Amino acid sequence: MSSEIETVEQENIETAEQAEKNAAEAPEAESFEPVENVPAALEAVLFAIGEAVEISRLAAAMGISKDEVIKGYEALAKDYESDKTGIRIIRLDDKLQLCTKSEYYDVLIRLVNIPKKHNLTDVLLETLSIVAYKQPVTRIEIEQIRGVSCSHAINKLIEYNLITEVGRLDAPGKPILFGTTDDFLRSFGISSMDELPVVSADKIEDFKRQAMEEANLTIET
């Protein structure tokens, strides 16, 4: 028994010595000084990346808090209010992005031949509204509200990148759930879904009535 105890104690000592050795040989964690000029850093990073970046990621990369990133964003947004610049910075929920000011969109189109903004019909707008307010929502739920098939409208909104698949409902058949995209926020000039106006029950009934009129018109045609 004594020899077994001594063996265990020796193993513990060796394990502790090895742990100390490993800790001594391990490379030090990378450290860096927090960014001082936050607005300039934001401008540089967002310009280089070219898409929306989460505030939390920006904060981690700069070694500062999310509140400091938001303050930097507000300062940069104020600078961009000048008519001497064609750029603006926007907030999309928990993300930031640099964008072209809308008044220069036509110039951009002529230069790079990108498609113009999509013309949304009443049908597409109604379907998009339902997704925006009810998300995540299935196609069947959308059709229950509108009262008619919405497959074409949903496909068009996906094509325009205004809605996207956000998962599957835990139900028989695992139906697809739809939600809005960052492009939806940009297109309607809002920073988050919280800025959407409240829709009354009467408006939902209007959706149903207009959908039924649309369906009847299609049948008659």
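About the cut-offs
- Residues numbered from 1 in each chain as written.
- Predicted model: local features only at pLDDT ≥ 70, side-chain atom pairs only at ≥ 80, totals over all residues.
- Heavy atoms only, no water.
- Helix = DSSP H or I, 4+ residues; strand = E, 2+ residues; numbered from the N terminus.
- Buried < 20%, exposed > 50% of the residue type's maximum accessible area, 1.4 Å probe, protein only.
- Contact = heavy atoms within 4.5 Å.
- Arc of directions from axis to C-beta.
- Pairing = 2+ DSSP bridges.
- Axes fitted to C-alpha atoms, helices over the stretch in contact; angles between N-to-C directions.
- Salt bridge = Lys/Arg side-chain N within 4 Å of Asp/Glu carboxyl O.
- Core = buried A, V, L, I, M, F, W, Y, C linked by side-chain atoms within 4.5 Å.
- Parallel < 35°, antiparallel > 145°, perpendicular 65-115°, else oblique.
- Left-handed = near helix turned anticlockwise from the far one by under 90°.
- Nonpolar A, V, L, I, M, F, W, Y, C, P; charged D, E, K, R; others polar.

1. Re the overall build of the chain
Per the secondary structure count, the chain includes 10 helices and 5 strands. Put simply, the chain has 221 residues, and 27% of those count as buried. Across the chain, every contact between residues at least 6 apart in sequence was considered, and the portion connecting residues at least 24 apart equals 53%.

2. Remarks on the environment of Gly 86
Position of Gly 86 among the secondary structure elements: in the loop between α4 (66-79) and β2 (87-92). A sequence separation of 14 residues divides Gly 86 from Thr 100, and the C-alpha atoms of the two residues are 6.0 Å apart. Among all residues touching Gly 86, those that are not within four sequence positions of it are Cys 99, Thr 100, Lys 101 and Tyr 104.

3. Some thoughts on helix α3 (residues 55-62)
Side chains of residues three or four places apart in an α-helix project in the same direction, reflecting 3.6 residues per turn. Those residues of α3 that sit buried are Ile 55, Leu 58, Ala 59 and Met 62. One side of α3 carries all its buried residues, which in axial view fall inside an arc of 100°. Facing away from the buried surface of α3 by more than 90 degrees, the exposed residues are Arg 57, Ala 60 and Ala 61. In this structure, the buried residues of α3 make contact with α2 (38-49), β1 (53-54), α4, β2 and β3 (95-100). Just downstream of α3, Gly 63 is the residue with a positive phi angle, here 70°.

4. Examining the sheet that holds β1
Here we have 3 strands laid out as an open sheet, ordered β1-β3-β2, and antiparallel in their pairing. Looking at strand neighbours, the two that pair on one side only are β1 and β2, the edges of this open sheet. Of the pairings in the sheet, the one linking β2 to β3 comprises 6 bridges and is antiparallel in character. Counted as the bridge partner of Arg 91 is Leu 96 from β3. Here α2 sits on the sheet and contacts β1, β2 and β3; the angle it forms with β3, its principal contact strand, is near 75°. Sheet strands touched by α4: β2 and β3. Its angle to β2, the strand with the most contacts, is close to 145°.

5. So, the environment of Val 69
Along the chain, Val 69 falls in helix α4. Residues Val 69 and Leu 58 lie 11 residues apart in sequence; the distance between their C-alpha atoms is 7.2 Å. In this structure Val 69 touches Val 38, Leu 42, Ile 55, Leu 58, Ala 59, Ile 64 and Leu 96, once residues within four positions along its chain are discounted.

6. Comments concerning the pattern of salt bridges
If you walk through the whole model with that rule in mind, you get 7 salt bridges. One salt bridge in this structure joins Arg 186 and Asp 183, with 2.2 Å as the shortest N-O distance. Remark: Asp 183 and Arg 186 occur in helix α9 (residues 182-187); sequence separation between them is 3 residues, near one turn of the helix.

7. A word on the nonpolar core
Grouped burial of nonpolar side chains is what soluble globular proteins tend to show. One finds Leu 120, Leu 128, Ile 142, Leu 157, Leu 162, Ile 163 and Phe 184 to be the most contacted residues of the largest nonpolar core, which totals 24 residues. Taken together, the elements giving at least two residues each to this core come down to β2, α6 (122-134), α7 (139-146), α8 (151-159) and α9. The element that contributes the greatest number of residues to this core is α6, accounting for 5 residues. Listed in part, the 18 residues of the second largest apolar core include Leu 46, Val 69, Ile 89 and Leu 96.

8. Things to note about the environment of Leu 76
Position of Leu 76 relative to the elements: it lies in helix α4. With 13 residues separating them along the chain, Leu 76 and Ile 89 place their C-alpha atoms 7.3 Å apart. Beyond its immediate chain neighbours, meaning those up to four positions away, Leu 76 contacts Pro 39, Leu 42, Glu 43 and Ile 89.

9. Digging into the packing of α6 against α7
At their nearest, the axes of α6 and α7 sit 10 Å apart, and the two run at 120° to each other. It follows from the interaxial angle that α6 and α7 lie oblique. Here the hand of the crossing between α6 and α7 comes out right-handed. The residues of α7 that touch α6, namely those facing Val 123, Glu 126, Thr 127, Ile 130, Val 131 and Lys 134, are Ile 142, Ile 145 and Arg 146. Partitioned by chemical class, the residues of the contact of α6 with α7 number 5 nonpolar, 1 polar and 3 charged.

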